[in-house]
Amino acid sequence: MLPRHDHPIAAIATAPGRGAVGIVRVSGKGLAPLVQRLCGRALKPREATYLPMRDAQGQPIDHGLALFFPGPHSYTGEDVLELQAHGGTVVLQLLLARCLEAAAELESTGQPCLPGLRLAQPGEFTERAFLNDKIDLAQAEAIADLIDASTEAAARSASRSLSGAFSQEIHTLRDALVRLRMLVEATLDFPEEDIDFLQQADARGQLERLQQSLDGVLARAHQGALLREGIKVVIAGQPNAGKSSLLNALAGAELAIVTEIAGTTRDKVQQTIQIEGVPLHVIDTAGLRESEDTVERIGISRAWDEIAAADAVLFLHDLTRQGLDDYRAADDAIRATLTERLPPQVPVIDVWNKTDSAGADLQAEGLRLSARTGDGLDALRRRLLEVAGWQSAPEGLYLARARHVEALQAVGTHLDQAAAQLRAAGPHLDLLAEELRLGQNALNAITGEFTSDDLLGVIFSSFCIGK
Ligand SMILES: Nc1nc2c(c(=O)[nH]1)N(C=O)[C@@H](CNc1ccc(C(=O)N[C@@H](CCC(=O)O)C(=O)O)cc1)CN2
Ligand SMILES: Nc1nc2c(ncn2[C@@H]2O[C@H](COP(=O)(O)OP(=O)(O)OP(=O)(O)O)[C@@H](O)[C@H]2O)c(=O)[nH]1
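Remember, it's a predicted structure, so these values are computed and weren't measured experimentally.

### Some words on the state of the cysteines
In the structure shown here, the tally under the stated rule is zero disulfides. Cys 464 takes part in no disulfide bond, and the closest cysteine sulfur to it belongs to Cys 99, at a distance of 19 Å. Cys 464 sits in the partly exposed class, given a relative accessible area of 40%.

And the structure:
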């Protein structure tokens, strides 16, 4: 059996459903005979040809455009054939089936080319582009992110990553790291050169500059990841504080049910809102209180599950009730449980709601707003962005993933260890060399050099079919 990547692959490349035009795409080595069989003629490279696309009996399935990209000058780096037909589900299915059938016919006539044309798995075209060095891993991820982008800012920065802006920064870091490694390795190989040699070459200065550049890239990657992934904000508080009203006000739509009856919200309601292009996944939860009602108790237990998984918690209070002892006691109890269950780095934002109907003399710390009138919402939006760590989009931002941020943090840890060795009185040069090597590995994992097959599988399988 051939290795997976040696089989030619075929798929419908356009979104399922009706469309003006739909594309069936085939990629593999040596597709020319298949082109001949499917199109009844050879095609000029990279030129659209209008022709009938026929079934096995010679009956036309459709009339459309055929395009042949001989490898390596194609999306995947292999031969690519595109059949651009009318975008109906059945037409495209028939064309796809015809491709598989024509390949099987060629095989049965003993043609040595084109063994085992099969349906492509999700992301497999792009995976081939990666394996054939058309793009690196960060660029492949940017393709998926561009397709999935839900805001203009996300799309523009994914496009910048795709054209290599992020990869370029990684290469620059890696080049500097490799220079430093060469210096250290040379010192290891020639022990008589000893530590003076490193001092003369200003190894410490080189490492410091590298750490500074890394910090810059990390900050930008973090912003890019924020733009892609957003943060999860959970609105929590006692029943009737106005949590559902606040979600609705932030979303600008009546999503969650609002009533004056305490305990209205039973199950979580989630909405992604955007502030300056940053996606915030806001979740309204059941009001927190002691309850005998079975359904409400399940809702409250789910609320705590959501809170435990939050990046930030909006602790909502009712200004009109802040003077009541019972109310304050219940809030204190909630705060105690929040402190107990939340990791210390998760911020809790205190927000007092219903300013429109509370007296001016009331004292309360935290933000004040009215979900009803919208007063104070802008300040809350700004606070949320601040908590998310968003520093208003710098020019030329690129999209990044949490995976990239984690890898860059790992590089930082190795560089810190390396710096500690360099500063030590009797530095262990072999340990220093090892930290630098590990740092380089972590950088390589971003662009996909020496990345494990498992990780590649996870990344590409999240693509859509035909991509
Ligand atoms: N019809 C169609 N549109 C599409 C795609 C496609 O596969 N088919 N793409 C699929 O995602 C994207 C474009 N991606 C592509 C990337 C490289 C090449 C290509 O032919 N590259 C050659 C030549 C480059 C050049 O002339 O500068 C090469 O790399 O050598 C084609 C499409 C978006 N639009
Ligand atoms: N005056 C005033 N009333 C508000 C405001 N926000 C919400 N309310 C009212 O407070 C009551 C409760 O609002 P909800 O949004 O359902 O409160 P909740 O916190 O989701 O309640 P549960 O689902 O019971 O947990 C409703 O009668 C709302 O109209 C506000 O800003 N001002």
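More follows now that the structure is in view.
### What to know about the site of ligand 2
Around ligand 2, 24 residues are found, and the nearest of them are Ser 244, Ser 245, Gly 263, Thr 265 and Asp 356. The separation between an oxygen atom of ligand 2 and a polar main-chain atom of Thr 259 is 3.4 Å. Protein burial of ligand 2: of its 650 Å² of free accessible surface, 92% is covered by the chains. The greatest single-element share of the shell around ligand 2, amounting to three residues, is contributed by helix H9 (residues 243-251). Of the residues belonging to the shell around ligand 2, the class tally is six nonpolar, 13 polar and five charged.

### So, the sheet that holds strand S10 (residues 312-318)
Spatial strand order, S8-S9-S7-S10-S11-S12: six strands in an open sheet with mixed pairing. Edge positions in the open sheet fall to strand S8 (269-275) and strand S12 (367-368), since each of these has one partner strand only. Sheet topology note: the S10/strand S11 (residues 348-353) ladder contains six bridges and is parallel. From the neighbouring strand, Leu 314 faces S11, where its bridge partner is Ile 349. Together, strand S7 (231-237), S8, strand S9 (278-284), S10, S11 and S12 form the strand contacts of helix H12 (residues 377-388), whose direction differs from that of S11 by roughly 175°.

### Looking at the pattern of salt bridges
For the structure shown, the criterion picks out 25 salt bridges. Between Arg 128 and Glu 124 there is a salt bridge, with its nearest N and O atoms 3.9 Å apart. Linking Arg 128 with Glu 124, this pair stays in helix H3 (residues 124-131), spanning four residues, or about one helical turn. You can call Glu 124 buried: its relative accessible area is 0%. Arg 383 is the partner of Glu 386 in a salt bridge, and the nearest nitrogen-oxygen pair spans 3.4 Å. Taken together, the residues span about one helical turn, with Glu 386 and Arg 383 both in helix H12 at a distance of three residues. With a relative accessible area of 30%, Arg 383 lands in the partly exposed category. Connected via shared salt-bridge partners are Glu 141, Asp 145, Arg 228, Glu 229, Arg 401 and Arg 403.

Scoring rules and cut-offs
- Residues numbered from 1 in each chain as written.
- Chains lettered and ligands numbered in written order.
- Predicted model: local features only at pLDDT ≥ 70, side-chain atom pairs only at ≥ 80, totals over all residues.
- Heavy atoms only, no water.
- Disulfide = S-S within 2.5 Å.
- Buried < 20%, exposed > 50% of the residue type's maximum accessible area, 1.4 Å probe, protein only.
- Near = heavy atom within 4 Å.
- Polar contact = N/O pair within 3.5 Å; in protein donor to acceptor, adjacent residues only side chain to side chain.
- Areas by Shrake-Rupley, 256 points an atom, 1.4 Å probe, with all protein chains shown as cover.
- Helix = DSSP H or I, 4+ residues; strand = E, 2+ residues; numbered from the N terminus.
- Nonpolar A, V, L, I, M, F, W, Y, C, P; charged D, E, K, R; others polar.
- Pairing = 2+ DSSP bridges.
- Contact = heavy atoms within 4.5 Å.
- Axes fitted to C-alpha atoms, helices over the stretch in contact; angles between N-to-C directions.
- Salt bridge = Lys/Arg side-chain N within 4 Å of Asp/Glu carboxyl O.

Keep in mind that these numbers describe shape and distance, not what the molecule does.
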